[in-house]
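# Report on the structure
Each chain is listed here by its residues.
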Amino acid sequence: MKIGFIGTGFFAKKHASILGEMSGVEVTAFCGTSLEKAEGEARNCSNASGYTNVEEMLDKQKLDAVYICVPPMSHGSIEQTLIERGIPFFVEKPLGINDAPYEIAKKIEDQGLITSVGYHWRYLDLSKKALSLLQERQIGMALGYWMGDMPMVPWWRDVNKSGGQFVEQTTHIVDLLRFLCGEIKEVYAAFSSRMMADKVAGTTVSDVGSVTLKLNNGMIATISNTCILPESNKAGLDVYTNEGVIQISSNLLRDIRGKEMTEYRNQLDPYLIENKIFLDAVKAGDPTHILSSYKDAVKTHRVTLAAAHSAMTGEPVPLEMEE
Ligand SMILES: NC(=O)c1ccc[n+]([C@@H]2O[C@H](COP(=O)([O-])OP(=O)(O)OC[C@H]3O[C@@H](n4cnc5c(N)ncnc54)[C@H](O)[C@@H]3O)[C@@H](O)[C@H]2O)c1
């Protein structure tokens, strides 16, 4: 399979290195914001070329699939071009910072295009474990967290480029909540800027925030985030049930029942699995095993945009999302 990349940064490198280890898969093209960066990445693969224009890359190469690994503000026309040409794509979260993903989702649906979104928490073996544990319990509520430091790529701190921490980063926890517990019907958020704007020039994102979510099934969840810390402290979801608490982070699940606690460690690399499942789906023309399609991910996007809107207006935002 011949694969192209759009974006030449941290996560394009991550996915390209995973693909580089797979047999029958060849990364043959990189499209970047400069030819220097695109050709620089291409040189790390044995038979790849660099481009600065998506159309040109697709005219010159017959690609089986494309990976979109660009910052949130750069989504939109890239996806539209791939849809027009009928090329399956893997896109990193978040889907964007505005309403454009809704129209993109509709076009993908109409065309039956295979897509996958980088909500990799779904591919943790711990998430599978949590799903099976939760099937046997009654869930009351959940508390989610993304408490950490500020990623120092310049676009992240600019709310007009990243959408802010909840849209850009904490979206993983919103998606995990939907995956494990169900759809969300109302969102209320309070965000504030406490100190990062004074510390890092150009910061317009809020640096603390708390979001309350009502689910269709009656559950309540809150998800909080901050980027004020010197280093990452905690990211995950705690689910409160009739039998105790299930705490999920990216490498550990704790099943706490009264004084008893069972710990499960994540065994498999979720990034490797999401890539393998996507490429197998493209090869077979069958998306059955993809856990985060564009159609599904757009619902997570809707929730995070609603939170940003609620934080701005001070009003709760109702959502109508079917299970
Ligand atoms: N799933 C995860 O765990 C995970 C982890 C890290 C990053 N990400 C996501 O991946 C995306 C990219 O993040 P990153 O860390 O690689 O950022 P980055 O800043 O390191 O790289 C982004 C790259 O995209 C390029 N770019 C911007 N607009 C472009 C365009 N229109 N065409 C081609 N290239 C363009 C930039 O020049 C840069 O090279 C973000 O949405 C981020 O949230 C996901």
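Values in this document were obtained by computation on a predicted structure and should not be read as measured data.

## Some details on the overall build of the protein
Across its full length, the protein carries 12 helices and 15 strands. By the compact-globule yardstick of 20 Å for 323 residues, the protein fits well, its C-alpha radius of gyration being 20 Å. Seen through its principal axes, the protein has C-alpha atoms that stretch 60 × 45 × 40 Å. For the protein, with 323 residues in total, the buried portion stands at 50%. Total accessible area on the protein is roughly 15000 Å²; 50% of this is exposed by carbon and sulfur atoms. One finds the centroid of the 32 positive side-chain charges in the protein at a distance of 3 Å from the centroid of its 41 negative side-chain charges.

## Examining the nonpolar core
Considering soluble globular proteins, one finds that nonpolar side chains tend to be buried as a cluster. Counting residues in each nonpolar core, the largest one holds 35 residues, and the members touching the most others are Leu177, Ile184, Val187 and Leu213. For this core, the leading source of residues is helix α9 (residues 171–181), giving 6 residues. By size, the runner-up hydrophobic cluster in this structure holds 27 residues, among which are Val54, Met57, Ala105 and Ala297.

## A few points about the site of the ligand
Near the ligand, the surroundings consist of 25 residues, among which Phe11, Lys93, Trp155, Glu168 and Tyr271 are the closest. Between the ligand and Trp155, the relevant distance is 2.8 Å, taken from an oxygen atom to a side-chain nitrogen or oxygen of the residue. Between the ligand and Glu168 there is a distance of 2.3 Å, counted from an oxygen atom to a side-chain nitrogen or oxygen. Expressed as a share of its isolated accessible area of 840 Å², the protein-covered part of the ligand is 83%. Its residues placed into classes, the shell around the ligand shows 12 nonpolar, 9 polar and 4 charged.

## Digging into the domain arrangement of the protein
We note that the domain assignment places domain 1 (2–120 + 272–293) and domain 2 (125–265 + 301–318) within the protein. Here domain 1 and domain 2 have C-alpha centroids that lie 26 Å from each other. Every contact between the two is made by 16 residues of domain 1 and, on the other side, 14 residues of domain 2. Carbon and sulfur atoms supply 65% of the area that domain 1 and domain 2 bury against each other, a total of about 1300 Å² over both sides. Considering only the side of domain 1, the residues that lose the most area to domain 2 are Ile97, Tyr102 and Tyr119, jointly responsible for 41% of the buried surface there. Between the two partners, domain 1 and domain 2, sit 1 salt bridge. Among the salt bridges present, the one from Glu168 reaches Lys93, with a minimum N-O distance of 3.8 Å. Looking at the side of domain 1 that touches domain 2 residue by residue, the classes come out as 10 nonpolar, 4 polar and 2 charged.

## Topic: the pattern of salt bridges
Inspection of the entire model under this criterion finds 23 salt bridges. Between Lys13 and Glu41 there is a salt bridge, with the nearest N and O atoms lying 2.5 Å from each other. Of the two residues, Lys13 sits in helix α1 (residues 10–20) while Glu41 sits in helix α2 (residues 35–42), which places them 28 residues apart along the sequence. When the shortest N-O distance is used, the salt bridge between Asp175 and Arg122 registers 2.6 Å. Taken together, the residues span a long stretch of sequence, with Asp175 in helix α9 and Arg122 in the loop between β6 (115–117) and α6 (125–135) at a distance of 53 residues. In terms of burial, Asp175 and Arg122 fall into one category: buried. Within this structure, Arg122, Asp175, Arg178, Glu183, Asp296 and Lys299 form a network of salt bridges that share partners.

What counts as what
- Residues numbered from 1 in each chain as written.
- Predicted model: local features only at pLDDT ≥ 70, side-chain atom pairs only at ≥ 80, totals over all residues.
- Heavy atoms only, no water.
- Helix = DSSP H or I, 4+ residues; strand = E, 2+ residues; numbered from the N terminus.
- Rg over C-alpha atoms; globule rule 2.2 N^0.38 Å.
- Buried < 20%, exposed > 50% of the residue type's maximum accessible area, 1.4 Å probe, protein only.
- Areas by Shrake-Rupley, 256 points an atom, 1.4 Å probe, with all protein chains shown as cover.
- Lys, Arg positive; Asp, Glu negative; His and termini not counted.
- Charge placed at Lys NZ, Arg CZ, Asp CG, Glu CD.
- Core = buried A, V, L, I, M, F, W, Y, C linked by side-chain atoms within 4.5 Å.
- Near = heavy atom within 4 Å.
- Polar contact = N/O pair within 3.5 Å; in protein donor to acceptor, adjacent residues only side chain to side chain.
- Nonpolar A, V, L, I, M, F, W, Y, C, P; charged D, E, K, R; others polar.
- Domains from an automatic or database assignment.
- Contact = heavy atoms within 4.5 Å.
- Buried area = accessible area lost by both parts, 1.4 Å probe.
- Salt bridge = Lys/Arg side-chain N within 4 Å of Asp/Glu carboxyl O.

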